[in-house]
Amino acid sequence: MKHVSSNIEVAGEAQVRVPTRRALAKQQTRAKVLAAARRLFSEAGYEGATIRDIAAEAGMSTGAVFANFTDKSDLFREIMVADMEALVEAMRDGVSRGRGVDDTLLKLFVAGYAFYKSRLPLARAAFGISWMPEQGQELRDLAPVQELQDLFTEQLNLGVERGELSQEAEVKLRSQMLFDCYLANYQEAIFGGWSLEALQAKSKDQIRVILAGARRG
């Protein structure tokens with residue numbers, strides 16, 4: 001039995017793969033390129049940032065950039081995915097402290113705005129690309145975007161289950177309206193310089209109006 005156990009342990013150890021020096025170097029290169037791209041997209045916007053500029057900012061050749069990313073949209077997409085995945089977690093954390101459907105929805109809004117408070121230039125770049133026919137659709141089709149929308153739907157469904165909202169609450173339509181308002185409010189944050197408190201106040205009114213007619217009693 002000892003001999004068999006030893007073999008199993010050895011086999012298990014053999015399955016652990018240590019990254020090669022080349023793989024580690026590739027990871028470091030990608031991280032440098034992504035960091036440089038994030039800075040330039042924030043400063044110059046999507047259109048203003050070129051692959052040549054991103055390569056220079058990262059201290060490498062354009063060939064090294066293209067060896068890791070297909071094109072500029074590929075770079076931007078990876079940055080957006082990373083941010084939105086972190087945003088989903090931040091919003092879920094906010095919801096966990098909510099009380100009742102109105103409060104949890106408001107916490108969704110506020111958690112999102114707080115997350116992007118220090119990332120507004122990058123959010124501006126994202127809004128810019130969202131108007132482009134091809135890149136904009138790719139951005140809207142990203143899995144984390146659907147997860148964000150699902151968060152609003154989940155809270156409305158929970159409101160129905162708890163009896164706060166009626167069974168005829170038209171959850172799908174109202175959740176889409178809430179998500180549209182959440183996105184539209186970024187215009188005030190990005191271009192109007194609205195504070196987190198002002199966005200919260202506006203969001204509270206939007207939630208109240210959208211849920212009007214859906215409440216029990």
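Residues numbered from 1 in each chain as written. Predicted model: local features only at pLDDT ≥ 70, side-chain atom pairs only at ≥ 80, totals over all residues. Heavy atoms only, no water.

(A) Structural view of the pattern of salt bridges. On inspection of all chains with the given rule, the structure shows 13 salt bridges. Asp-93 is the salt-bridge partner of Arg-97, the closest N and O atoms lying 2.9 Å from each other. Among the ionic pairs, Arg-208 bridges to Asp-205, the shortest N-O distance being 3.6 Å. Highlighted residues: Arg-208 and Asp-205, both in helix 12 (residues 196-211), separated by 3 residues, approximately one helical turn. On the basis of relative accessible area, Asp-205 is assigned to the partly exposed category, the value being 41%. (Salt bridge = Lys/Arg side-chain N within 4 Å of Asp/Glu carboxyl O. Helix = DSSP H or I, 4+ residues; strand = E, 2+ residues; numbered from the N terminus. Buried < 20%, exposed > 50% of the residue type's maximum accessible area, 1.4 Å probe, protein only.)

(B) Just unusual backbone geometry, in detail. The residue Glu-170 is not glycine, and still its phi comes out positive at about 50°. Relative to the assigned elements, Glu-170 resides in the loop between helix 9 (143-161) and helix 10 (171-184).

(C) Looking closely at the side chain of Gln-206. The topology assignment puts Gln-206 in helix 12. Exposure remark for Gln-206: the relative accessible area of 15% places this residue in the buried category.

(D) Focus on the packing of helix 5 (residues 72-95) against helix 9. Viewed as axis vectors pointing N to C, helix 5 and helix 9 meet at an angle of 15°, and their least axial separation amounts to 9 Å. By the angle between their directions, the pair helix 5 and helix 9 is classed as roughly parallel. Between helix 5 and helix 9 lies a crossing of left-handed hand. Residues Val-81, Met-84, Glu-85, Leu-87, Val-88, Met-91, Arg-92 and Val-95 of helix 5 lie in contact with helix 9, whose contacting residues are Pro-144, Val-145, Glu-147, Leu-148, Leu-151, Phe-152, Glu-154 and Gln-155. Grouping the amino acids of the contact of helix 5 with helix 9 by side-chain chemistry returns 11 nonpolar, 1 polar and 4 charged. (Axes fitted to C-alpha atoms, helices over the stretch in contact; angles between N-to-C directions. Parallel < 35°, antiparallel > 145°, perpendicular 65-115°, else oblique. Left-handed = near helix turned anticlockwise from the far one by under 90°. Contact = heavy atoms within 4.5 Å. Nonpolar A, V, L, I, M, F, W, Y, C, P; charged D, E, K, R; others polar.)

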